[in-house]
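# Descriptive analysis of the structure
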Amino acid sequence: MSNLKHHPSSSFGPPWSESNRVRERTRAGAPCSSGSVFSGPRALRSWVLCAGLALTLTACRNAPDRTVPGPPLLLITLEEAGDPPTGEALEILNEGAFRWSWSAIASSPRVATALGSLHTGLRPWQHGALDGQTALHPGCETLALTLKALGYETLAYADRALRLERLGFARGYSRFGALRSGKRALIDVEALQPNRFVWIHVRFDPRRGAAQQWRRARGVLEAAERSPSWPETVVAVVGVTGPGADGLDRRSLSVPLYLRTPANGTAAQRTPASTSPVAAARLYETLNELAGGEPLPATAASLLDMDAEAPLFSASYGQPTQREGWRRNEFSLVEGELQLLWRAAVSPSPRSLPLSGSGNPRLELRRWADPPDSVERPEVRDAMALRLRRAWLSDLDGEEPMQWRPLDSNAPAQDQSSGL
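Before going into details, it helps to say that this report is about the structure given with it. Residue numbers here run from 1 along each chain, matching the order of that chain's written sequence. Reporting in this predicted model follows two pLDDT cut-offs: at least 70 for local features of residues, and 80 or more for side-chain atom pairs to be given and counted; totals over whole chains, interfaces and linings ignore these cut-offs and use all residues. Working from all heavy atoms in the structure, the side-chain values ignore hydrogens and water.

### A look at unusual backbone geometry
In this chain, aspartate 370 is followed by proline 371 through a cis amide linkage whose omega measures 0°. Secondary structure elements follow DSSP: runs of H or I no shorter than four residues count as helices, runs of E no shorter than two count as strands, and numbering proceeds from the N terminus. Along the chain, the position of proline 371 falls in the loop between strand S12 (362-367) and helix H10 (378-393). One non-glycine residue with positive phi stands out, namely glutamate 80, at about 50°. Residue placement: glutamate 80 occurs in the loop between strand S1 (73-78) and strand S2 (97-105).

Here it is in structure tokens:
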């Protein structure tokens, strides 16, 4: 029996409140995960309402006009991925197509959590896969479900497939299997055709290193190149997390993101607004748009939407501490060359809130560099803290039971540590 749970209790699990019962727009700021700062019948009632609303809206969605089929789609995700090593450049993506590349920022340093954002376009608090033990909430619409509703055949081959299936990532796939040697996967990739989506997930093997991981990705691309539909194929290659050590630092959160679109497609006529880092979670709506789908209200905007901006927000929930029953939630907001780190100590008390914790959070402003160095600019730190709080509260439709104010830079150090 698996000990995975969909609805973690306590303050480092996903939130629900009475005011989040029903919204005019599905997922318009309210999370699709449940669990809470409370548990019991109220949490169950919220879950039933959320799941019922999601099913109703999915059933009522207008079927797309498929007189013109959607392009073949190939998604390759790489765990703990850095930039391709020398000699492993993805020049195949340039052939007969338009290729973009970004330095993206993952939503979490944890693989399952960051992968959840890639497949839903939502932040961790919304999709619910927080700590490798909590699964995607059943009410969340995954990329596979979105594409299936658009008439796509959906296939997936993944390392650690059984674990990903238990975490909810198999939802919406007509075939979800283990990658193993990749032979079966390459057959389906070579057979790419309109209205077919294939996802390949490659884990990082420390015994073989990053070069082997990128060689496997290249092998998949070479198989796709042999497909008769290669000129029309849309390809995305993205790192799930960076090669760091599970921290909210640049090494752990910065990931490569490559997107190939047909040279004669409408996407090729657009130019990215800047070369600044982008939120990796925006890939979901990008693929949805290229497949002909309509954007969903609470998801991160498509990378093809040149006017859209998404906060470079990341989170890590439920980190263990030395105090029994306590956990630590950590949040990050990157703006330009600066990063704000927000740490909240969460006690077992149901009144301990996921963002504020059991007291004032601990804030640190530092340069977005590897390695980082602290920056002493209290006014910038507090202004970024307010923006981080605003970004997080948008997941709850702007509600939190307790008020928070920026820390006084002159406050005693023990008051700022909040038990950390």
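### Some words on the packing of helix H6 (residues 183-190) against helix H7 (residues 209-225)
Lines fitted to C-alpha atoms define the axes here, with helix axes fitted over just the stretch in contact, and angles between the N-to-C directions of these axes take values from 0 to 180 degrees. Contact geometry of H6 with H7 gives a least axis separation of 7 Å together with a crossing angle of 35°. With respect to the hand of their crossing, H6 and H7 are arranged in right-handed fashion. The segment H6 lies against H7, with Leu186, Val189 and Glu190 engaging Gly219, Val220, Ala223 and Ala224. Crossing handedness: left-handed means the near helix sits turned counterclockwise from the far one by under a right angle, and right-handed means the same turn made clockwise. Note on contacts: a residue pair is in contact if any heavy atoms of the two residues lie within 4.5 Å.

### Topic: the packing of aromatic side chains
For Phe, Tyr and Trp, where Trp contributes only its six-membered ring, two rings pair if their centres lie within 6.5 Å, and the inter-plane angle classes them as stacked under 30 degrees, edge-to-face over 60, or tilted in between. Considering all chains together, one arrives at 11 aromatic pairs under this definition. Considering the side-chain rings of tyrosine 317 and phenylalanine 331, the 5.5 Å spacing of their centres and the 80° angle between planes classify their relative orientation as edge-to-face. Of this pair, tyrosine 317 sits in strand S9 (residues 312-320) while phenylalanine 331 sits in strand S10 (residues 327-335); the two residues are 14 residues apart in sequence, bridging distant segments of the chain. Tyrosine 317 gets classed as buried once you look at its relative accessible area, which sits at 1%. For phenylalanine 331, a relative accessible area of 0% puts it in the buried group. One Lys or Arg, arginine 260, reaches over the ring of tryptophan 230 and ends 3.9 Å from the middle of that ring. Whether a charge sits over a ring depends on NZ of Lys or CZ of Arg being within 6 Å of the ring centre and within 35 degrees of the ring normal. Note that arginine 323 overlies the ring of tryptophan 326, its terminal NZ or CZ placed 3.9 Å from the centroid. Only protein chains enter the accessibility calculation, which uses a 1.4 Å probe; a residue whose area is less than 20% of its type maximum is buried, one above 50% is exposed, and one in between is partly exposed.

### A word on H10
Expected span of a helix, by definition, is 1.5 Å for each gap between consecutive residues, and there is one gap fewer than residues. Taking 1.5 Å as the rise per residue, H10 with 16 residues should run 22 Å; its terminal C-alpha atoms sit 22 Å apart, in good agreement. Along H10, the residues classified as buried are Val380, Arg381, Asp382, Met384, Ala385, Leu388, Arg389, Ala391, Trp392 and Leu393.

### Notes on the sheet that holds strand S11 (residues 338-346)
The strands making up a sheet are joined through hydrogen bonds of the backbone, oriented either antiparallel or parallel. By the convention used here, strands pair only if DSSP detects at least 2 bridges between them. Pairing within the open sheet is antiparallel, and its 4 strands lie in the order S9-S10-S11-S12. Of all the strands in the sheet, the pair left with one neighbour each is S9 and S12. Within the sheet, the average angular offset between the axes of one strand and its neighbour, ignoring direction, is 15°. Sheet contacts for H10: S9, S10, S11 and S12; angle to S11, the most-contacted strand, approximately 65°.

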